[in-house]
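Close look at the chain arrangement
Spelled out from the first residue to the last, the chains are:
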Amino acid sequence: MNVVSLAARNVLRNRTRTILTVLGVAVAIVAFVLLRTVVTAWNVAVDYAAKDRVATRHKVSFVMTLPKRYIDTIRGVRGVRAATWANWFGARDPRNPDSFFANFAVDHRSYLDVFDEMQVPPADVAAWKADRRGAIVGDVLARSLGVRKGDRLTLEGTIFPGNWEFNIRGIYTATRRSVDRSQLIFHWDYLNESLPESRRDQIGWTVARIDDPSRAAEISRAIDRTFDSQDVQTLSMSERQLNNSFMAMFDTLLDALDIISIIILAILLLLLGNTIAMGVRERTNEYGVLRALGFLPRHVVTFIVGEAVVLGLIAGVAGIGLSYPVVEYGLGRFLEENMGGFFPYFRIEPTTTVAAMGLAVFLGVVASLVPAFRASRLTVTDALRRLD
Amino acid sequence: MSAEPIVKLSAVNKTYFRGSESIPVLDGLDFEVPDGAFQALMGPSGSGKSTLLHLIAGLDRPTKGSVQVAGKELSKMSDAELAAFRANHIGFIFQSYNLLPVLTAQENVELPLLLTKLGRGERKTRAQTALRVVGLEERMGHYPRQLSGGQEQRVAIARAIVNDPQILVADEPTGDLDRKSADDVLELLGRLNTELKKTIVMVTHDPAAAERATVTRHLNKGALQ
C-alpha cells in the first residue's frame, strides 16, 4: 500500500457512481474519437496524395471536357513521364439506385500505369484490356455490389442514359490509404463509341506522372501555357493541390467538427469534475483524519488528483475500447463502403487514440484541481468537524 | 508515574471567529498532565473540552498562551511542524473510529507508517504487532464493514499506537459503543496506560468511562473546576 494505491482504491468506493461516470466519459470519448477520425480520414486523401502526379482539367470547371488530342500534347511536355485520362461516367446500380459509387471511363492502355497504387493481378489486367466491355472494381465496391470476377454487371447511366453492360474482369486492392476502393473503371472507348459523333473524343481530365515531384508547379504551368492560345484552356495542378482545393470547400464543416470536439471535451470535464467534487465532499472528514495522523496538505492533493488520474485512465481505456468496434467495424466500414470517395480509409489514427487517452487523464487532473485545493486548505479541525 | 508534566498549558486563550463575531472558548486556562497519566475530561457540550484536546494534540493553536507537549512548544509551530509532531508523538482515537473503508484492518493500522521511511515488510510487521496488542490479529484482513463497532474501535486504537506515540488523545472513544464493547475498549486503554506507559487524555460524557481514568477533570465554560 502507498499513497497512490490508496487513491486508486477510492475510485471504486461508490461503484455505481464510478461506473456511470466511466460510461458517460467513455461515450464522450467515442464521440470525440469519431469526430477526430472524420477529420483525419477527410484529410487522408491530401496527406497520401501522390506527389508526382499532375492533373489537368478545363480551366472553367470540372464538368467541362477537354479535346482528347490534348493528351498527346501533354505527353510531349518536358518532365512528363506518362499520362492518362478519364471521364466521369455517373452511372448507378439499378438494384440499389441510392447507393453512390464513383465510376469512370478510362484509357485502359495507360490508366493503371499512372495509378499504380491500384493493384490488379497481371492476368486480370490483360483480360480487362482485351475486353471492350471489361471493368475493374475495387474490393470494397465488389463486396457491396455482390459481384465477383467473371460476373456481368448492368449499370444505369445518368449522364449517359441507357443500360450499360460490363464484364467484371478484375478486382483491385490498394497499396495506399488514399485510394478509394469503391470505384469502377472501364474502357473509355466503350463510352466514346456509344456516343453520337458530335460528342465523341472528349475527355474529362488528364493525369500526368512526372519525373521530379519538386517540379510539379513548373510542369503544371508549362502544360497550361501550351494551351493558352487554344479555344479550350486548361488548369493544371498537383494531385495534392487538387485534393486540397477540393477539401477547402469543406473547411467550414471541419471547423464545426473541431468546435463540437471542444464541446465534448467540456462535457467530459464537467462529468469528471462533478464526480470528483462529490467524492471529495463526502470524504472531507477522512482527509481530516489523515491530516490528524500527520499527512500534509500535499498528500491530500495527491489522494484527490491521483483518484482523478485513475478515474480518467479507466474512462479513457473504456472509451477507446468502445471506439474501436464502433468506428473501425461499424461506422468505419459503412463509410468506406458507402462514401469511399470522401472516406477511403476511415480508421482511428494512433495519434487520435493517444490524444483521447491523454485528454481523459488531463481533464481528470484539471477537474480535480479545485476540489483538491479546497480540501487541502481546510484546517484539520474544520475537516474533522464535517461529519464528526 | 513521573512528576514532570508531559502536557503543560499556561494561560491559554482560544477564541473562534465567525465573521465579525468572536466566540471565546478557553480563557486563561492552565492545565497539566503528568507523564504516564490517564486523565478524563468531562463537561457539558460547549465547555471547551474538545478544543482543549485539539490543542494538546497539535490540531489547533491557541489564540494566546503556551502549549507545551512532550517538551515541544506547539503554539509557535508551523502547520508542517505540527503535522510532523502529531505523526511522531500523538495517537488519535475518535468517537466514530474513522477507519478508511477501502483498507483492511491491517492497512488501516499501517496508514500512519506511510509517513515514515520504514519498508513495506517492517510496516506490515508493526501493524500486525499493534493488532496483536488490541487482540485483533485474527481480523487483520477484514475490512471495517466486516467488523463490529467494538472491533473497529480496537483497530483505531491499534492505528493510534502503531508508531509508538507518547500520548494518546481519545475523543469520546466509547460514545458509539454498547456497554460491553465500551468496557472492552476502556479495559484496553487501561492496559495501554499501565503496561505500555502511554499517557492518555480522554474526553468523555460517560461517567463509567471516566471512572477508568486515574484522574477526572471537569471543564465548564472554558475553565477547569
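Everything here concerns the structure above.
Below, the structure is looked at part by part. (Residues numbered from 1 in each chain as written. Chains lettered and ligands numbered in written order. Predicted model: local features only at pLDDT ≥ 70, side-chain atom pairs only at ≥ 80, totals over all residues. Heavy atoms only, no water.)

**A word on the pairing of strand E6 (residues 134–138) of chain A**
Residue and element names in this part refer to chain A. The element E6 is largely enclosed, with a buried count of five among its five residues. Burial along E6 is two-sided: the face carrying Gly 134, Ile 136 and Gly 138 and the face carrying Ala 135 and Val 137 are both buried. One ladder, built from three bridges, connects E6 with strand E9 (residues 183–187); its direction is antiparallel. Each residue of the ladder has a partner; that of Ile 136, found in E9, is Ile 185. (Buried < 20%, exposed > 50% of the residue type's maximum accessible area, 1.4 Å probe, protein only. Helix = DSSP H or I, 4+ residues; strand = E, 2+ residues; numbered from the N terminus. Pairing = 2+ DSSP bridges.)

**Points about the packing of helix H4 (residues 120–133) of chain B against helix H5 (residues 149–161) of chain B**
Residue and element names in this part refer to chain B. One way to put it is that H4 packs onto H5 with a least axis distance of 9 Å and a crossing angle of 130°. Judged by the inter-axis angle, H4 sits oblique to H5. At the point where H4 passes H5, the crossing takes the right-handed sense. In contact with Ala 130, Leu 131 and Val 133 of H4, H5 contributes Val 155, Ala 158 and Ile 161. Of the residues assigned to the contact of H4 with H5, the class counts are six nonpolar, no polar and no charged. (Axes fitted to C-alpha atoms, helices over the stretch in contact; angles between N-to-C directions. Parallel < 35°, antiparallel > 145°, perpendicular 65-115°, else oblique. Left-handed = near helix turned anticlockwise from the far one by under 90°. Contact = heavy atoms within 4.5 Å. Nonpolar A, V, L, I, M, F, W, Y, C, P; charged D, E, K, R; others polar.)

**What to know about the sheet that holds strand E9 (residues 215–220) of chain B**
Residues and elements named next belong to chain B. Strand order in the open sheet made by the six strands is E6-E7-E8-E3-E9-E10, with mixed pairing throughout. A single partner strand is all that each edge strand has here, and the edge strands are strand E6 (90–93) and strand E10 (223–224). In terms of strand pairing, strand E3 (residues 38–42) meets E9 through four bridges, oriented parallel. When the bridges of E9 are listed, Met 42 appears paired with His 218. Sheet strands in contact with helix H6 (residues 179–194) are E3, E6, strand E7 (167–171) and strand E8 (199–203), and its direction is about 150° off that of E8.

**With respect to a nonpolar patch on the surface**
A contiguous nonpolar surface patch, about 420 Å² in accessible area, is contributed by Val 60, Phe 62, Val 63 and Met 64 of chain A. Secondary-structure assignment places Met 64 of chain A in the loop between strand E1 (53–58) and strand E2 (66–67). (Patch = residues over 30% accessible without salt bridge, like charges linked within 9 Å, V, L, I, M, F, W, Y side chains within 5 Å. Areas by Shrake-Rupley, 256 points an atom, 1.4 Å probe, with all protein chains shown as cover. Salt bridge = Lys/Arg side-chain N within 4 Å of Asp/Glu carboxyl O.)

**Observations regarding the interface of chain A and chain B**
The interface is formed by 23 residues belonging to chain A together with 25 residues belonging to chain B. Across the chain A/chain B interface, buried area totals approximately 2200 Å², and carbon plus sulfur atoms make up 67% of it. Broken down residue by residue, the surface that chain A buries against chain B is led by Met 1, Arg 9 and Leu 293 of chain A, which jointly contribute 31%. Here chain A is connected to chain B by one salt bridge. Measuring nitrogen to oxygen at the nearest pair gives 2.6 Å for the salt bridge that ties Arg 9 of chain A to Glu 107 of chain B. Breaking the side of chain A that touches chain B down by element, the ones donating at least two residues are helix H1 (3–11), helix H11 (284–293) and helix H14 (380–385) of chain A. At seven residues, H11 of chain A tops the list of elements feeding residues into the side of chain A that touches chain B. Split by residue class, the side of chain A that touches chain B holds 11 nonpolar, six polar and six charged. (Buried area = accessible area lost by both parts, 1.4 Å probe.)

**Structural notes on the sheet that holds strand E2 (residues 21–34) of chain B**
Residue and element names in this part refer to chain B. Judged by pairing direction, the sheet is antiparallel, and its four strands sit side by side in the order E2-E1-E4-E5 without closing on themselves. Looking at strand neighbours, the two that pair on one side only are E2 and strand E5 (72–73), the edges of this open sheet. Taken together, the two bridges between strand E4 (residues 64–69) and E5 define a ladder with antiparallel strand orientation. Residue pairing for E5: Val 69 is matched across the bridge by Lys 72.

**What to know about empty space enclosed by the protein**
All names here are of chain A. If you walk through the whole model with that rule in mind, you get three cavities of 30 Å³ or more. The volume enclosed by the largest cavity comes to roughly 130 Å³. Residue lining of the largest cavity: 14 residues in total, with Val 11, Thr 18, Thr 275, Arg 283 and Glu 307 positioned closest to the centre. Sorting the residues of the lining of the largest cavity by element identifies H1, helix H2 (15–47), helix H10 (251–282) and helix H12 (297–338) as the ones contributing at least two each. With four residues, H10 is the largest single contributor of residues to the lining of the largest cavity. Of the residues contributing to the lining of the largest cavity, the split by class is five nonpolar, five polar and four charged. Of the pockets and cavities examined, the second largest cavity occupies roughly 50 Å³. Here the lining of the second largest cavity takes three residues from H11, the largest share from any one element. (1 Å grid on protein atoms, 1.4 Å probe; cavity = no way out; pocket = protein on both sides within 12 Å on 5 of 7 lines; lining within 4 Å. Points joined across faces, edges and corners; volume = space filled by probe spheres on them.)

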